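These are the residues of each chain, in order.
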Amino acid sequence: MKKTTIFGIIILLFILIVSLVVKSNYLFSILIIIGLYAIIVQGLGILMGYAGQVSFGHAAFYGLGAYTAAILTTRYHWPTIAALLAAIILPGTIAALIGRQTLKLRELYLALATLGFGILVFIAFNEGREFTGGPSGISSIPFLNIGSFAFDSDRKFFVLVWAVLALLLLGINNLVHSRTGRALRAIRESEYAAENAGIDSASLKLQAFIFSALLAGLAGGLYAFYITFISPAAFSYHASIEFVLMAVVGGLGTFWGPLLGAAVIVALSEILREVVPLLIPGAGGEYQIIIYGIILILLMVYKPEGLSSLGAVFDRSPKRAEQNTNKQ
Amino acid sequence: MGEQLLQLLFSGLTVGSIYSLMGLSIVSLFNITGILNLAQGEFVVIGALIAVSLCSIGMPMIVVFPVSILLAALLGGLIERLTINRARGASNLNMLIITIGISISLRGLALLIWGTDTYSLPAFTKGGPLFLGGAALNPQSIWIFALAVVNFAGMYLFFEHTYWGKAVKASVNNRTGARLQGINPHTISLLAFVTAGGLGAAAGVSIGPITMVTYDMGFMLGVKGFVAAAIGGLSNVSGAVIGGLFLGILEAFSSGLISSSLKDAISIIILILVLLFRPEGIIGAKRERKI
């Protein structure tokens, strides 16, 4: 309980200070994107780190959320807050429909199936011209508003996204220390042992999958209302792969992992874009791609358990300590 | 109508042979190392692009073909030593992400060296298309088909009739046991990546004359290879070959008779259906159950 309070205060202070001090819209936009990705990776982290299931298709849920919000507001003139609600529910419903069958698959098979699902939805965004505007997407999406208050500046939107993220962090922290959280971890360690202990693993895995889809949909809806223009490119399988990278790079099954992973991957791309041309004069995007790939490999080779183990001070659970000693 | 169908069958078999080659490489690497290599498509592209450069300095195709295979095989081995070999004992997911990292880096490398241009390669043999039953058949298609057959046969002979092939099979069945017999699993893994690089380049150089080559065509080729592999349950070599041919023919007929924009969607739908309803269908993969 005490730990949770400290985390809450840290995050609130961060939001407060940043929103007061930061002037640059560029910095706000980066922080907003980090916040949105962290929301998705929170859900993905539950699915991967606790339920032990991988998904290479979460950009599809992210995209479904964004397109739901965009289509409902521009075409059917729904109030933005109702459209946001729909943007959460629709991906969750789809996850519920496809989840039970899909989650029977294990590991690499599941990875391939979800990757396929992501590509399929991406193709649908591109081909469904009537509804989605095809490759050129949907523009003039309104800003999110609650009553007469509109989130029409980067600063306001930053506060909104990070407040949502903070609530999620705390909620998920409570969840993983609850009976459900322990049951999920039991499934990750051994599904058969968990079932023998009376845990309905299929149902819990499905719940984790639906939960992660809801969060991806939420992030997608928020993204549409922030950027006010969407096209399929943002929701391709590359994005799905990036979300998994963020989850793994941050550290699966850890408190800070999702946020850290989202921050590191987003910051890495931005920093590479700034720094590489300084080091190698005349270098174009290709150097960034190569270095990005190499850093990814290095991280997986030398830090396979993710970056948040660097700050293991925060996580005094015996399990992690044990994992670390096993590594030696 | 009959001619059109025959024409579609020819182009389906050509594309299908390419997918079979992709599937073959993916399945054999998966069987040997347990790694699902998302960078296989990039090996194909790099191999083809190396051939493009060799051709541009005036080498004849008969030299270009083996040299690019050799270079790509070396690259495959180098990558194994620098990445996979250093990540011994990593989880399947981490290995998958490492291959994603390899594929990203290779794509960047291809972009750096060869740019965004579209290249073509000369056909292996000169001469116009053959006409069979009123449908045109590109001689290069025959080469690709032959390459798939030779590959498949070579793999069969290797695994069933050579010492090294048996060593590989032994090391797949039982790592510790193979080790006790003096078979080094790390050497086997190196060998597997050298082969994957070489096979990739062979596929790339042979399809270059038909499909053109760009730096970013690897990912979709890889996905098609995965579909072919999945049809065979990921671990069955002949399943992957049949799967690839089936996929190619299906794509050719659906884009010829319905719409070409559906082509990619159809292969993905097949992938999902096969995974969902027949994951072990044709042959089940060995699965370790953790208790």
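Basis of the calculations
Residues numbered from 1 in each chain as written. Chains lettered and ligands numbered in written order. Predicted model: local features only at pLDDT ≥ 70, side-chain atom pairs only at ≥ 80, totals over all residues. Helix = DSSP H or I, 4+ residues; strand = E, 2+ residues; numbered from the N terminus. Rg over C-alpha atoms; globule rule 2.2 N^0.38 Å. Buried ≥ 20, exposed ≤ 12 C-beta atoms within 10 Å, placed from the backbone. Contact = placed C-beta atoms within 7 Å. Core = buried A, V, L, I, M, F, W, Y, C linked by C-beta atoms within 7 Å. pLDDT = per-residue confidence, 0-100.

Colleague: Quick question: what am I supposed to make of the overall build of chain B here?
Modeller: When you go through chain B residue by residue, the secondary structure sums to 11 helices and 2 strands. The helix and strand sequence of chain B, counted from the amino end, reads α-α-α-α-β-β-α-α-α-α-α-α-α. A compact globule built from 291 residues should have a C-alpha radius of gyration of about 19 Å, and chain B, at 19 Å, falls within 12% of that. Across its three principal axes, chain B shows a C-alpha extent of roughly 60 × 50 × 35 Å. Split into buried and exposed, the 291 residues of chain B put 50% on the buried side. Considering only contacts in chain B between residues 6 or more positions apart, those separated by 24 or more positions represent 77%.

Colleague: So what exactly am I meant to see when it comes to unusual backbone geometry here?
Modeller: Excluding glycine, most residues fall at negative phi; most peptide bonds, likewise, are trans. Residues and elements named next belong to chain A. The backbone phi angle of Ser140 is positive, close to 45°, even though this residue is not glycine. Relative to the helices and strands, Ser140 is located in the loop between α6 (129-132) and β1 (145-146). Exposure remark for Ser140: the 9 C-beta atoms within 10 Å place this residue in the exposed category. At Thr228, a position not held by glycine, the phi torsion is positive, near 60°. As for its position among the elements, Thr228 is in the loop between α10 (201-227) and α11 (237-250). We classify Thr228 as partly exposed; it has 18 C-beta atoms within 10 Å.

Colleague: Would you take a moment to explain the nonpolar core for this structure?
Modeller: General note: in soluble globular proteins, nonpolar side chains tend to be found buried as a group. Judged by nonpolar contacts, the single largest core of 194 residues is most densely connected at Ile40(A), Leu112(A), Ala219(A), Ala262(A), Ala230(B) and Leu271(B). Among the elements that line this core, the one with the most residues is helix α2 (residues 25-50) of chain A, at 15 residues. Each residue touching Ile40(A), except ones within four places of it in the same chain, is listed here: His58(A), Tyr62(A), Leu215(A), Ala216(A), Ala219(A) and Phe243(A).

Colleague: Explain the environment of Ala178(B) here, please?
Modeller: Residues and elements named next belong to chain B. Residue position: Ala178 is located in helix α7 (residues 175-180). A count of 20 C-beta atoms within 10 Å places Ala178 in the buried class. Ala178 sits 11 residues away from Ala167 along the chain, and the two C-alpha atoms are 7.4 Å apart. Those residues in contact with Ala178 that lie beyond four places of it in its chain are Ala167, Ala170, Ser171, Ile183 and Pro185.

Colleague: I would appreciate a short explanation of the confidence of the model for chain A in the present structure.
Modeller: When pLDDT drops low, the exact placement of atoms in the prediction is not to be read closely. Looking at chain A, pLDDT values average 85 and 92% of them are 70 or higher. The least confident element of chain A is helix α14 (residues 318-327) of chain A, whose mean pLDDT is 44; the most confident is helix α3 (residues 58-74) of chain A, at 95.

Colleague: Any chance you could explain the confidence of the model for chain B here in plain terms?
Modeller: Residues and elements named next belong to chain B. On average, residues of chain B score 84 in pLDDT, and 95% of them are at 70 or above. Across chain B, element-level confidence peaks in helix α2 (residues 40-56) with a mean pLDDT of 93 and bottoms out in α7 with 76. Predicted confidence for residues 281-291 stays below pLDDT 50, and this span has 22 contacts to residues more than four positions away or in other chains. Under the prediction, the complex receives an ipTM of 0.81, its pTM being 0.86.

Colleague: What am I meant to see in the environment of Leu44(A) here?
Modeller: All names here are of chain A. With respect to the helices, strands and loops of the structure, Leu44 is situated in helix α2. A tally of 30 C-beta atoms within 10 Å means that Leu44 is categorised as buried. When the C-alpha positions of Leu44 and Ile138 are compared, they lie 27 Å apart, and in sequence the two are 94 residues distant. Residues within four places of Leu44 in sequence aside, it is in contact with Ser55, His58, Ser212, Phe243, Val244 and Ala247.

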